[in-house]
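What the coordinates show
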Amino acid sequence: MLQVTDLAKYYHGQPVFSGVDLDLPAGRFQILLGPSGCGKTTLFNTLTGVIPKDAGTITWQDEPVPHLGNLCAYMHQKDLLLPWFSLMDNALLPARTRGKDMAAARDRAGQLLIRLGLGGYEFHRPDQVSGGMRQRCALVRTLMFDRDLILLDEPLSALDAITRQRQQHLLLLLQTEFAKTILMITHDVDEALLLADDIFVLTPMPMGISRQIKLDLPKPRAFDDPHLLRTKADILAHLVKGEAA
Amino acid sequence: MTRSGLIAPGLIGLILAGWEGAVKIWAVPVFILPPPSRILETAVIQAPQILPHAAVTGAEICLGIFLALITAIPLAVAMFAKPMVEKTLSPFLVASQAIPVFALAPLLVIWLGYGMASKVFMAWIIIFFPITVSLLQGLKSCDPEYRTLFTLMGASFFKTLTLLYWPWALPQFFAGLRVGVSVATIGAVIGEWVGAQQGLGFLMIQSNARLQTPLVFAAILWLAAMGLILWTLVGLLEKNIITWKS
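A brief report on the enclosed structure follows. For every chain, the first residue of its written sequence is number 1, and the numbers climb from 1 along that sequence. Starting at A for chains and at 1 for ligands, labels are handed out in the order in which the entities are written. Side-chain atom pairs in this predicted model are given and counted only at pLDDT of 80 or more, local residue features only at pLDDT of at least 70, and totals for whole chains, interfaces and linings cover all residues.

1. Some remarks on the sheet that holds strand 2 (residues 14-24) of chain A
All names here are of chain A. Read from one edge of the open sheet, four strands run 2-1-4-5, paired in antiparallel fashion. Of all the strands in the sheet, just strand 2 and strand 5 (63-65) have a single pairing partner and so form its edges. Put simply, the sheet's adjacent strands are angled 30° from each other on average, direction ignored. By this definition, two strands are paired if DSSP reports at least two bridges between them. Comment: elements are numbered from the N terminus, with helices defined as DSSP H or I runs of at least four residues and strands as E runs of at least two. Of the pairings in the sheet, the one linking strand 4 (residues 55-60) to strand 5 comprises three bridges and is antiparallel in character. Bridge pairing in strand 5 links T59 to P64. Here an angle of 0 to 180 degrees is reported between the N-to-C directions of two axes, which are lines fitted to C-alpha atoms, with helices fitted over the stretch in contact.

2. Concerning the sheet that holds strand 10 (residues 208-214) of chain A
Residues and elements named next belong to chain A. An order of 6-7-8-3-9-10 is seen for the six strands of this open sheet, with the pairing classed as mixed. Each having just a single partner strand, strand 6 (72-75) and strand 10 make up the two edges of the open sheet. Taking the axes of each pair of neighbouring strands and ignoring which way they run, one obtains an average angle of 20° across the sheet. Pairing of strand 9 (residues 198-203) with strand 10 involves six bridges; the strand directions are antiparallel. In the strand pairing of strand 10, I199 is matched with I213.

3. Observations regarding unusual backbone geometry
In terms of backbone geometry, most residues other than glycine have negative phi values and most peptide bonds are trans. Residues and elements named next belong to chain A. With phi around 50°, H12 is a residue other than glycine that occupies positive phi space. Within the secondary structure layout, H12 lies in the loop between strand 1 (2-11) and strand 2. Using a count of 4 C-beta atoms within 10 Å as the deciding quantity, one classes H12 as exposed. For D62, which is not a glycine, the phi torsion comes out positive at approximately 70°. Among the structural elements, D62 can be located in the loop between strand 4 and strand 5. Every C-beta atom is placed from the backbone, and the number of other C-beta atoms within 10 Å of a residue's own sets its class: buried at 20 or more, exposed at 12 or fewer, partly exposed in between.

4. A word on the interface of chain A and chain B
Contact residues are listed per partner, giving 17 residues for chain A and 16 residues for chain B. Examining the composition of the side of chain A that touches chain B, we find that three residues originate from one element, helix 3 (residues 93-97) of chain A, more than from any other. In terms of residue class, the side of chain A that touches chain B is made up of eight nonpolar, five polar and four charged. Residue pairs are scored as contacts if the distance between their C-beta atoms, which are placed from the backbone, is within 7 Å. Here the nonpolar group is Ala, Val, Leu, Ile, Met, Phe, Trp, Tyr, Cys and Pro; Asp, Glu, Lys and Arg are the charged ones; every other residue, Gly included, is treated as polar.

5. What about helix 4 (residues 83-98) of chain B?
All names here are of chain B. Multiply 1.5 Å by the residue count of a helix minus one, and that product is the helix's expected span. Look at helix 4: 22 Å from first C-alpha to last across 16 residues, which is about the 22 Å you get at 1.5 Å a residue. A residue's bend is given by the angle between axes fitted to the 7 residues ending at it and the 7 residues starting at it. The largest bend along helix 4 reaches roughly 40° and is located at L89, with the proline P91 sitting one to four residues downstream. For helix 4, a buried count of zero out of 16 residues is recorded, marking the element as mostly open to its surroundings.

6. Comments concerning the pairing of strand 3 (residues 29-33) of chain A
Note on strand geometry: in a regular strand, side chains alternate between the two faces of the sheet. All names here are of chain A. With five of five residues buried, strand 3 lies mostly within the body of the structure. Pairing analysis gives four bridges linking strand 3 to strand 9, with the strands arranged parallel. In the sheet register, L33 faces strand 9, and the bridge partner there is V201.

7. A short note on the pairing of strand 4 of chain A
Residues and elements named next belong to chain A. Here strand 1 pairs with strand 4 via five bridges, running antiparallel. Paired with L2 across the two strands is W60, which belongs to strand 4. Taking the residues that link successive antiparallel strands as the turn, the strand 4-strand 5 hairpin has two residues, and the phi of Q61 there is positive, at about 50°.

8. Some thoughts on helix 6 (residues 116-140) of chain B
Look at helix 6 of chain B: 36 Å from first C-alpha to last across 25 residues, which is about the 36 Å you get at 1.5 Å a residue. Where burial is concerned, most of helix 6 of chain B is hidden: 21 out of the 25 residues are buried.

9. Focus: the nonpolar core
Side chains that are nonpolar tend, in soluble globular proteins, to be buried together. Each nonpolar core consists of buried Ala, Val, Leu, Ile, Met, Phe, Trp, Tyr and Cys residues. Their C-beta atoms, within 7 Å, join them into a set. Among the nonpolar cores identified, the biggest contains 124 residues, and A91, V140 and I150 of chain A together with A123, I127 and A219 of chain B are the most heavily contacted of them. If you tally residues by element for this core, the top one is helix 6 of chain B, at 15 residues. Other than its neighbours up to four places away in sequence, A91 of chain A contacts A109, L112, L113, C137, V140, R141 and M144 of chain A.

What follows is the structure, given as C-alpha cells:
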C-alpha cells in the first residue's frame, strides 16, 4: 500500500536521515523504534509534507505522491484537543474542516466515542476528563479522518504506566476492528513488542534503519511471552551497541 | 473578603483621611485643594450639571472603542495571515504611537472640528494599538503542533482561523482590550481640552478657569468611575466568553 524509497532530509548539509526505505502492506502494524531525539518526528513531518523532503520517493497504492498529507490520519503524543470544544466537537473537527455532511459525522462520532468508553462524556470539555480519556478522544478524532493509513507519533508516551497499558489495547483496535494500516514511532521497546507486526530498529545521527524484526505472534500478546522476552533482550543489546558505536 | 483584599481599600481610606485632615489643619483654600468630602459632595450635588458632559465623553469613548475593534481585528488578522502586510504596516503602527496624541490634538480639532469626531478619532488612535498588538501576539502564540494537525485535516486558513487561532488568541485579545479601555479616557479628554463645547474635559477646563476646583475634581472622579466601569465590563465579558482552562 505504501512504499518509501531512499527518503532523505538534511539540515545545514547534515543528514537527519537518508536512505530510508519502508514497505507497508495494507492492514499491517509497523513500528519504528529508536531513542528519543533521533529524528523520528522529522521523519513523520517529512512523510506528511509538513516539511519538504530532500530526496526519495513515496508511492501510495502504486502511484507516486509528493507526500501523505491528505492520505493519512495523524495522532500525536499530545492529545491536541481544543480546550474550548467539547469531546464531541473535538471528534468532529476533521469532518468540519473538510466540509463533510455534519449530521452523518455526528452519528459516527457519537458511536466511536461510546465504543472507546467515552459515552456520557460527549459534552464534557477536555479539562474535565482524565489524560487517558483525552487520549481516547484524540483516537476518535484520528478515526474521524476516515483514512486507511494512520501515523502515530509516540501516541502514549505522555501517559502514566497504568493508563498506557489500557490505551495499548485501544491502539490494537485500530488494526483489528477498524482495519487500519499503521505506522507508529516510539522509544518504548515493550510497547513495540506488544503491538507491532514489524519492528524497525533505528540508529541515531543520522537516523537509519539498522534492523528489521518480524513478529508473527497473535495479539493481544502477553508481556511474559518467552519469545517476546528474547526479542526484547536482543533489541536492547542492539540499541546499546548502536549507542556505543 | 480575604485579608489581602482589605489592604487596597484600607490604603485608599488612609490617604483620603490624611488628605482631609491636612486640608483642614493647614486651612488650605478650597480653590487650591478641596477636601475629599467636598469633592464627593460636588460630584453628587452637581450631578445634573455633570451628567450631560459625562454622557458626551462616554459616547466618544464607546465610539472610539467600537472603531478600534472594527479596525484592529481585521488589521491584526491580515498582519498574521500575510507577513508582507505586517512588514509593511508595522513602521506606521509604531509611528502612530511615537507621535504623542497631545501633539496631534490641535490639528485634529482643525481638521475634524469642535464636535465629537475629533475626540472619537483621538480615542480610536490610542485604543486600537494595544488591541492590534496583543491580538497579533496571541494569534502568533498558537502551538505549531496544533497547526500541523489542522494542516493534516486539510483545513482552510479561514477554518483554522475561526476554529483554532481566534479562540487561542482570545485571552491576549482581552488583555489588549483592557489596556485599551483604561487609556481610552485619555484620548477623549485631551481632545476636549483642546477645543470642545461639551464633555468632561470641557467642563474641567471651564471650571479650572473659574477656580471652581471642586468641580474639576468631581469631573475627574466621574471620569475615573467611567474608566472603572468599562474595565469591569470587559472583565465580565471575558469571563463569560473564555469559560475553558487552557
